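# Fold and contact review
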Amino acid sequence: MALLFYPFAMAAVAINLFMLGLIGVALGWQAIDPVRSVLWAIPLGVPAAWLAGRWVRGLMDEAE
């Protein structure tokens, strides 16, 4: 199940990292460009996909 969610979880992580970079600019930090946020999201998407799969599996078990 987590393999199916990986592209979506990775994209969500990339968007959140980019937005975090924009918030960081307001605090005086260096911006995170979109390419860097996607590169960081590749490994960080794995635990996010695992958690999403676990969450959906719990919902499916509860529905049964």
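See the structure shown above.
A brief structural summary.

About the cut-offs
Residues numbered from 1 in each chain as written. Predicted model: local features only at pLDDT ≥ 70, side-chain atom pairs only at ≥ 80, totals over all residues. Heavy atoms only, no water. Patch = residues over 30% accessible without salt bridge, like charges linked within 9 Å, V, L, I, M, F, W, Y side chains within 5 Å. Areas by Shrake-Rupley, 256 points an atom, 1.4 Å probe, with all protein chains shown as cover. Salt bridge = Lys/Arg side-chain N within 4 Å of Asp/Glu carboxyl O. Helix = DSSP H or I, 4+ residues; strand = E, 2+ residues; numbered from the N terminus. Buried < 20%, exposed > 50% of the residue type's maximum accessible area, 1.4 Å probe, protein only. Contact = heavy atoms within 4.5 Å. Bend = angle between axes of the 7 residues up to and from the residue.

So, on to a nonpolar patch on the surface. A cluster of nonpolar side chains, Val35, Val38, Leu39, Trp40, Ile42 and Leu44, forms an exposed patch at the surface whose accessible area comes to about 560 Å². Assignment of secondary structure puts Trp40 in helix α2 (residues 34–63).

The next thing to look at is the environment of Leu17. Its location among the elements puts Leu17 in helix α1 (residues 2–26). Accessibility expressed as a relative area gives 13% for Leu17, which makes it buried. Put simply, Leu17 and Asp33 are 16 residues apart on the chain and 9.4 Å apart in space, counted from C-alpha to C-alpha. Discounting chain neighbours no more than four positions away, the residues touching Leu17 are Ile32, Ser37, Trp40, Ala41 and Leu44.

Of all the bends in α2, the greatest measures close to 45 degrees and is centred on Pro43. Those residues of α2 that fall on the buried side of the exposure criterion are Ser37, Ala41, Gly45, Ala49, Gly53 and Val56.

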